[in-house]
Protein chains: 2
Amino acid sequence: MQGALIAVDWGTSNFRAYRLAADGSTLDETTGPDGISTVPPGGFPAVLARHFGGWRAAEPHLPLVMAGMVGSRNGWSEAPYAPLPADATALRERLHRVALEDGGEALIVPGVSGVIDGVSDVIRGEETLAIGTGLADGIILSPGTHPKWIEMRSGRIARFQTFMTGEIFAVMSEHSLLGRLMTASAGEADDLAGFDRGLDLAEHPAGVTRALFAVRSEVLLGRLPAAQARPFLSGLLIGVEIAGAKASFGLPKSMTLLAEGAKAVFYERALARHGVSARRMAGDRALVAGLRTILLG
Amino acid sequence: MQGALIAVDWGTSNFRAYRLAADGSTLDETTGPDGISTVPPGGFPAVLARHFGGWRAAEPHLPLVMAGMVGSRNGWSEAPYAPLPADATALRERLHRVALEDGGEALIVPGVSGVIDGVSDVIRGEETLAIGTGLADGIILSPGTHPKWIEMRSGRIARFQTFMTGEIFAVMSEHSLLGRLMTASAGEADDLAGFDRGLDLAEHPAGVTRALFAVRSEVLLGRLPAAQARPFLSGLLIGVEIAGAKASFGLPKSMTLLAEGAKAVFYERALARHGVSARRMAGDRALVAGLRTILLG
């Protein structure tokens, strides 16, 4: 069946490409661990040729559009950030062109930067997810190493905030005193109990840098089982993130959550404390829809 | 000259002992990298014998009192925590006895634990510093890996809060994405400029896990020199600590700061933003005074 575009999600650790029909359905798909951190200088076109040289040979005029860290300073070529507010048209007008080995070209979606609450922030990849949700007005959350909260107004990315939740969790678990007293999961009941205890502390008056020490003191004093220390840290950091987003955006009754599986379950549990329900959407679906909308309108 | 007691400060990484006269003046002193983390099981008495076997031989009946992590679960012998509120008399009544190789005994000052603002906290070593300041009413700050804010009321340790400031700074500098973009110090002017920019963000409405990402975005967008990224992180975390302490304790016009050198300068700078002046006191002086007061009254 005839394709309408090739859509590429090219991040730090992973590569994924889709050959899409005009109606947005996926005709072919290819994926691999070829994230930009693994690509040598000048090696980007060869990764595309290896993954879908056949698609290009069969349909050489298909537009090829890419999102993610491929457009960062450490990627193929830096696609300058679009300013806030940004809609699909603004991103389309700023698509960044790079040359392919076969004489054609590829288009990279720019990230978005802005000054929000007095300090700068940047997204790269999540702008495409946000457009792909189709949400005109509301809040989108894309969890991960650096969770992004994005506010849409009239179909435009109006504001966003990046939290370091996932990275703080990882470095504190692996490299701090807190990590040394964490034991393996004792099952779902303990995971949820620990997570809830962490949520309880998220609005501690002395703040999160104080509440973090409670992971240690609560275990030391026998008030928290060591098996609950890891989900406790997760609950604390996710709770702090939601409280921060609440202070900055206000929280709606319902928001869009770009997550699945355990991560979605934990965020939904934390959001429910604030009376917020989540509409889940798979990230890959949002990405494909976003690239199609940015390219074709 | 005749001694009145031997005072030992025995932490995780360091060992320091003093032979003190009745008036508190130091007659002899010995120090070394013999922190408890370096001592094999059962090896504690031998460290004392090596450091001051001569003092013991000359004055075998001098009382010997120790503070710090030597009384923790990973130390010589666990000295159970005293409850809040705790004064010098309460700590004296709970001195924990351990046997020496020469047939004598040593006394370990207990730590203090309590539930403050709904969550537990522990100190071990700082209770002795607090007593040693001689402060009857007010706030004491002992900065470090885990800064402790201690509130004294009528000569008793009434409340305290531990912040993870120093450890978060270390793990984020060494192991996170933020650390990778930090360059070496460009001198004092840049250090202070970066520190002040970090302080500016300490009360960001979306919280510190959001503000941390600004280290990255501000450098990426050319709004913060990479040489200022490290002091920026320091300013942000110290500012968050002070804001948290303010919310929990309220801040006085003047408080006691157990720090010297660059660390004291930075804390004083951050406290000055809240109209708080600091009375500096050297930690070793507070420790010796505290051990003497706890032992002798």
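Preceding this paragraph is the structure being described.
Presented here is a report on the structure given in the accompanying data block. Per-chain numbering applies: the sequence of each chain, read as written, is numbered from 1 onward. A letter from A marks each chain and a number from 1 marks each ligand, given out in the order of writing. Local features in a predicted model are, by the rule used here, given only for residues with pLDDT of at least 70; side-chain atom pairs are given and counted only at 80 or more, and totals for whole chains, interfaces and linings are based on all residues. Side-chain metrics in this entry use all non-hydrogen atoms of the structure; hydrogen atoms and water are not considered.

## Some words on the pairing of strand S7 (residues 105–108) of chain A
Residues and elements named next belong to chain A.
Stage number 1. Here a strand pair is declared whenever DSSP counts at least two bridges between the two strands. Under the scheme used here, helices are H or I runs from DSSP no shorter than 4 residues and strands are E runs no shorter than 2 residues, and both carry numbers assigned from the N terminus. With 2 bridges joining them, strand S4 (residues 64–67) and S7 adopt parallel strand pairing. Paired with Val-65 across the two strands is Leu-107, which belongs to S7.
Stage number 2. Relative to S7, strand S6 (residues 96–99) runs antiparallel, the two being bridged by 4 bridges. By the bridge assignment, His-96 is partnered in S7 with Ile-108.

## As for the relation of the copies chain B and chain A
Stage number 1. Only residues with pLDDT of at least 70 in both copies count here: their C-alpha atoms drive the least-squares fit that superposes the copies. The transformation that overlays chain B on chain A combines an axial shift of 0.0 Å with a rotation of 180 degrees, and the residual RMSD is 0.0 Å. Classification of the inter-copy transformation places it as that of a two-fold axis. Measuring from the rotation axis to each C-alpha of chain B, the shortest distance belongs to Val171(B), at 3.3 Å.
Stage number 2. The residues that chain B uses at the interface reappear at the interface of chain A in 100% of cases, marking a shared surface. Between two residues, a contact is recorded if the distance between any of their heavy atoms is within 4.5 Å.

## Brief notes about the sheet that holds strand S13 (residues 254–257) of chain A
Residues and elements named next belong to chain A.
Stage number 1. Reading across from one edge, S12-S11-S10-S13-S14 is the order of the 5 strands in this open sheet, with mixed pairing throughout. Each edge of the open sheet is held by one strand with a lone partner, namely strand S12 (156–162) and strand S14 (277–280). Taken pair by pair, the neighbouring strands of this sheet meet at an average axis angle of 30 degrees, ignoring direction.
Stage number 2. Here 4 bridges tie S13 to S14, and the two strands are oriented parallel to one another. Within S14, the position partnered with Met-255 by the bridge is Ala-278.
Stage number 3. Interaxial angle, 0 to 180 degrees, is taken between N-to-C directions of lines fitted to C-alpha atoms, where a helix line uses only the stretch in contact. Packed onto the sheet, helix H10 (residues 261–272) meets strand S10 (138–142), strand S11 (148–153), S13 and S14 and runs at close to 155 degrees relative to S14.

## Comments concerning the interface of chain B and chain A
Buried accessible area, meaning the area lost when the parts come together, often serves as the stated size of an interface.
Stage number 1. If you look at the interface, chain B gives 48 residues, while chain A gives 48 residues.
Stage number 2. Summed over both partners, the interface of chain B with chain A buries about 4000 Å², with 67% contributed by carbon and sulfur atoms.
Stage number 3. Take the accessible area each of two parts loses on contact, using a 1.4 Å probe, and add the two losses: that sum is the buried area. Contact with chain A buries surface across chain B, with Thr209(B), Arg210(B) and Phe213(B) losing the most and accounting together for 16% of the total.
Stage number 4. The salt bridge definition used is simple: a Lys or Arg side-chain nitrogen within 4 Å of an Asp or Glu carboxyl oxygen. Between chain B and chain A we count 2 salt bridges in total.
Stage number 5. Among the ionic pairs, Arg210(B) bridges to Asp121(A), the shortest N-O distance being 3.5 Å.
Stage number 6. Two N or O atoms count as a polar contact when they lie within 3.5 Å, although within protein this holds only if one can serve as hydrogen donor and the other as acceptor, and sequence-adjacent residues are included solely when both atoms are side-chain atoms. Summed over the shared surface of chain B and chain A, the result is 17 residue pairs in polar contact (both at pLDDT 80 or more).

## Things to note about the pairing of strand S1 (residues 5–10) of chain B
Residue and element names in this part refer to chain B.
Stage number 1. When a residue's accessible area, from a 1.4 Å probe over protein chains only, is under 20% of the maximum for its type it is buried; when over 50% it is exposed; and in between it is partly exposed. Taken across its 6 residues, S1 has 5 buried, putting it largely inside the fold.
Stage number 2. In the sheet, S1 pairs with strand S2 (residues 15–20) via 6 bridges, with the strands oriented antiparallel. In the sheet register, Ala-7 faces S2, and the bridge partner there is Tyr-18.
Stage number 3. Here S1 folds back onto S2 in antiparallel fashion, the turn holding 4 residues.
Stage number 4. As defined by bridge partners, S1 adjoins strand S4 (residues 64–67) across 4 bridges and the pair is classed as parallel. If you follow Val-8 over to S4, its bridge partner there is Met-66.

## Some words on the sheet that holds strand S5 (residues 82–83) of chain B
Residues and elements named next belong to chain B.
Stage number 1. Strands sit in the order S5-S8-S9 across an open sheet of 3 strands; the sheet is mixed. Each end of this open sheet is capped by a strand with a single partner; those strands are S5 and strand S9 (119–123).
Stage number 2. Bridge count for strand S8 (residues 112–116) against S9 is 5 bridges, and the pairing is antiparallel. Its bridge partner being in S9, Val-112 is matched across the sheet by Ile-123.

## Concerning the pattern of salt bridges
Stage number 1. Tallied over the full model, the rule gives 32 salt bridges over all chains.
Stage number 2. Where Glu151(A) meets Arg159(A), a salt bridge forms, and the shortest distance between an N and an O atom there is 3.4 Å.
Stage number 3. Judged by its relative accessible area of 16%, Arg159(A) is buried.
Stage number 4. Between Arg16(B) and Glu29(B) there is a salt bridge, with its nearest N and O atoms 2.8 Å apart. Residue Arg16(B) is located in strand S2, and its partner Glu29(B) is located in strand S3 (residues 26–32); the two are separated by 13 residues in the primary sequence.
Stage number 5. For Glu29(B), a relative accessible area of 45% puts it in the partly exposed group.
Stage number 6. The structure contains a network of salt bridges with shared partners spanning Asp117(A), Glu151(A), Arg153(A) and Arg159(A).

## Some words on the environment of Thr12(A)
Stage number 1. Take Thr12(A): it is sitting in the loop between strand S1 (5–10) and strand S2 (15–20).
Stage number 2. Excluding residues within four positions of it along the chain, Thr12(A) makes contact with Gly35(A), Ile36(A), Ser37(A) and Met69(A).

Note that every value here comes from positions in space, so none of it alone points to a role or purpose.
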